[in-house]
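What the coordinates show
Each chain, written out:
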Amino acid sequence: MFPIVRPRRLRRHPRLRDLVRETSLSPNDFILPLFVRHGVNQDIPIQSMPGHRQLSVDRLPAEIKEIESLGIPAVILFGIPEHKDAVGSDAYSDDGIIQQAIRAIKDVSPDLLVITDVCFCEFTDHGHCGILNDDTGIVDVDNDATLEILQKEAISHAEAGADMIAPSGMIDGMIEALRTALDENGFEHLPIMSYAAKYCSAFYGPFRDAAESSPQSGNRMTYQMDPANGNEALREVELDVLEGADILMVKPALSYLDIIRRVKEAHPELPLAAYNVSGEYSMVKAAAANGWIDEQRVALEILTSIKRAGADIIITYFAKDAARWLSE
Ligand code: PBG
């Protein structure tokens, strides 16, 4: 008969464990979200997201230098404008908060990748991700009217110097509309990272405090995906691939590891990002602050699981901490 099979042989020596480890993390995997607010000399801690702040544009350079020194390759920007209106016009203004932030970052760190979230919820007074109308009898985001302002927003980010745009509104046809607009305006070289499968998730709660972007009425179920659906994610992803997305994204990450795996298997030819969202971060921070879990081990385990599931890139509020931990 066979001798007893002993998988533990490979676990006894720490160097051997290192040798056979299947998944590893590096600061190169991370994109750090940043919240930029209007005003001067503003550094406002976000209560529900310990370690994160809203910074005014003049306070960005120091932060950016630190991010670069940690070896983090990219940031994704979210803006809190001074004025909100029904169509989110600050989002496509040459002097909008995001456009100012891009220029300020490029001034101090031309090599850091600057990615912009292309959406309207932080810029509209009603807090929805596009233009609202009630033509169909319910108040809802007008898909095609929103595509037009999304195009303006993307061009304006590109002109300000963004390296990649990341549309997050779950508007039908948004990738095709943005690809066309970028190409027609001389930005054929600019990639699109699509929030391809974005769910209507309660895990965005702390972010909406941070970005001041909660819908004033209703919810986002008419555009973001139902958390109960998995097959539908493949349909959303398929469309974005056909429309020309360069990088796909699944969001949130932790309750959607199955979706990450399925999207990677359906499209191994495209890089896949996962967004480890605000609620996923805040839960760890809160438990750690109570002494209930080991923050470093839990956070690294979460990030490893997202990568093991199939993500190549992780957008995470842990990026700075994790980069430090990984270099220890
Ligand atoms: C929309 C957007 C949201 C997040 C990123 N982009 C919020 C939403 O859809 O309501 C959430 C990110 C997070 O929770 O960390 N522009």
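This section reports on the structure supplied with the text.

Now for the site of the ligand. Among the 19 residues in the neighbourhood of the ligand, the closest are listed as Lys 198, Arg 208, Lys 251, Ser 278 and Tyr 317. Between a nitrogen atom of the ligand and a side-chain N or O atom of Ser 168, the distance comes to 3.2 Å. For the ligand, an oxygen atom lies 2.7 Å from a polar atom in the side chain of Ser 278. Relative to its free-state accessible area of 410 Å², the ligand is covered by the protein chains to the extent of 100%. Considering only residue class, the shell around the ligand consists of ten nonpolar, three polar and six charged.

What follows is about the pairing of strand 4 (residues 74-80). Counted residue by residue, strand 4 has seven buried out of seven residues, so it is predominantly covered. Neither face of strand 4 is open: one carries Ala 74, Ile 76, Phe 78 and Ile 80, the other Val 75, Leu 77 and Gly 79, and all of them are buried. Pairing of strand 1 (residues 30-37) with strand 4, which is carried by seven bridges, proceeds in the parallel orientation. Directly across from Arg 37, in strand 4, lies its bridge partner Ile 80.

With that out of the way, let us pick up the nonpolar core. Membership of the largest hydrophobic core comes to 110 residues, with the highest contact counts inside it found for Phe 35, Val 75, Leu 77, Met 193, Ile 260 and Tyr 275. Once you skip the residues sitting within four places of it in the chain, Tyr 275 turns out to touch Pro 33, Phe 78, Tyr 195, Phe 207, Met 249, Val 250, Lys 251, Pro 252, Ala 253, Glu 280, Ile 315 and Tyr 317.

Before going further, it helps to spend a moment on the state of the cysteines. Evaluation of the coordinates by the stated rule reveals zero disulfides. Cysteine Cys 121 shares no disulfide, and the gap to the nearest cysteine sulfur, in Cys 129, comes to 3.9 Å. This cysteine, Cys 200, is not joined by any disulfide, and Cys 129 carries the nearest cysteine sulfur, 9.5 Å off. Residue classification places Cys 200 among the buried positions, given a relative accessible area of 16%.

The rules we used
Residues numbered from 1 in each chain as written. Predicted model: local features only at pLDDT ≥ 70, side-chain atom pairs only at ≥ 80, totals over all residues. Heavy atoms only, no water. Near = heavy atom within 4 Å. Polar contact = N/O pair within 3.5 Å; in protein donor to acceptor, adjacent residues only side chain to side chain. Areas by Shrake-Rupley, 256 points an atom, 1.4 Å probe, with all protein chains shown as cover. Nonpolar A, V, L, I, M, F, W, Y, C, P; charged D, E, K, R; others polar. Buried < 20%, exposed > 50% of the residue type's maximum accessible area, 1.4 Å probe, protein only. Helix = DSSP H or I, 4+ residues; strand = E, 2+ residues; numbered from the N terminus. Pairing = 2+ DSSP bridges. Core = buried A, V, L, I, M, F, W, Y, C linked by side-chain atoms within 4.5 Å. Contact = heavy atoms within 4.5 Å. Disulfide = S-S within 2.5 Å.

By themselves, these figures tell us nothing about what the structure is for.
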